[in-house]
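Topology and contacts: notes
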Amino acid sequence: MQKSQLNLTEQEISRRLVLTSGDEVENPYPHGFLSHPPRPAAVLIPLLRRYENWHVLYIRRTANSQDPHGGQVAFPGGAADRDDLNAEATALREANEELGLHTSDVRTLGRLIDFITITSYRVTPIVGVIPWPYPLKLETKEVSRAFTIPLTWLADPKNREERPRTLPGPFEPINVIYYRPYDGETLWGASARFTLELINVLFDPE
């Protein structure tokens, strides 16, 4: 990885996000697998400077039988409300509710492509920069922990792999991204897909 790639400025990150933005949607699931049209949702991918290097902020969702993603590593986010003007508004509102991140403290840099999830959401990841350290206030009913992972670690192919995930018949298995454990946490599934797309946008030489 080139040194210039390790020292990306906010302006360069924003430029690369603009170059890749569009109407593309990643949907790994076979036709007919989802029982209803995906509902709009958004997540915030918070970037921060820690020890002069870029890190990504993740959360671990609180284990909850009513939350299909309970106990998983994720980004702050959720379903769109009718009052949300756009995906950015959804992501910032959820980050405020779940982490106490004030909207005025987040500098949004752009979007990734949309992703379809197994729970039938069409998720728009919003990339933003936050100050660090920051006095996070976790909504413990939804979030049990917040932690960071260095961007360079996430970009290293040795730290991730694909594993087959069985779907109910008659559908064929699909590949799911799993990262190696970091700080006792395992990033996998949809959040790993969002992360890898960010890595591709930021570190692809093209």
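Here's what I pulled together on the structure shown here. (Residues numbered from 1 in each chain as written. Predicted model: local features only at pLDDT ≥ 70, side-chain atom pairs only at ≥ 80, totals over all residues. Heavy atoms only, no water.)

Bringing the packing of aromatic side chains into the picture now. Any two aromatic rings considered together are summarised by their centre-to-centre distance and by the angle between their planes. Scanning the model with the defined rule gives nine aromatic pairs in all. Relative to Trp188, the ring of Tyr178 lies with its centre 5.3 Å away and its plane at 5°, an arrangement referred to as stacked. Here Tyr178, found in strand β11 (residues 174-179), pairs with Trp188, found in the loop between β11 and α5 (189-203); they are ten residues apart in sequence, far enough to count as distant. Geometry around Tyr121 places Arg39 over its ring, the cationic atom sitting 4.3 Å from the centre. The aromatic ring of Tyr178 is capped on one face by Arg163, whose charged end is 4.0 Å from the ring centroid. (Phe/Tyr/Trp six-rings, centres within 6.5 Å; stacked < 30°, edge-to-face > 60°. Helix = DSSP H or I, 4+ residues; strand = E, 2+ residues; numbered from the N terminus. Lys NZ or Arg CZ within 6 Å of the ring centre and 35° of its normal.)

One turn of an α-helix holds 3.6 residues; hence residues three or four places apart share an orientation. Taking 1.5 Å per residue, 15 residues should reach 21 Å; α5 reaches 21 Å between its end C-alpha atoms and fits that length. Across the 15 residues of α5, 13 count as buried, placing the element largely inside the fold. (Expected span 1.5 Å × (residues − 1). Buried < 20%, exposed > 50% of the residue type's maximum accessible area, 1.4 Å probe, protein only.)

Right, let's get into the packing of helix α2 (residues 10-20) against α5. Packing of α2 against α5 brings their axes to within 9 Å, and their N-to-C directions diverge by 110°. Between α2 and α5, the crossing angle belongs to the class labelled roughly perpendicular. Across the interface between the two elements, Ile13, Arg16, Leu17 and Thr20 of α2 pack against Val201, Leu202 and Phe203 of α5. Counted by class, the contact of α2 with α5 contains five nonpolar, one polar and one charged residues. (Axes fitted to C-alpha atoms, helices over the stretch in contact; angles between N-to-C directions. Parallel < 35°, antiparallel > 145°, perpendicular 65-115°, else oblique. Contact = heavy atoms within 4.5 Å. Nonpolar A, V, L, I, M, F, W, Y, C, P; charged D, E, K, R; others polar.)

For α2, every residue scored as buried is listed here: Glu12, Ile13, Arg16 and Leu17. Burial along α2 is one-sided: seen end-on, the buried residues are contained in an arc of 135°. Set apart from the buried face of α2 by more than 90 degrees, the exposed residues are Gln11, Val18 and Leu19. (Arc of directions from axis to C-beta.)

In this section: the pairing of strand β8 (residues 121-129). Buried residues dominate β8, accounting for seven of its nine residues. The pairing of strand β2 (residues 39-50) with β8 spans nine bridges and is parallel. Opposite Val43, over in β8, you have Pro125 as the bridge partner. Of the pairings in the sheet, the one linking strand β6 (residues 107-111) to β8 comprises four bridges and is antiparallel in character. Its bridge partner being in β8, Arg111 is matched across the sheet by Ile126. Sheet analysis places strand β7 (residues 114-116) next to β8, joined by two bridges and oriented antiparallel. Its bridge partner lying in β8, Phe115 is registered against Val123. Counted between consecutive antiparallel strands, the loop separating β7 from β8 contains four residues, among which Ser120 sits at a positive phi close to 65°. (Pairing = 2+ DSSP bridges.)

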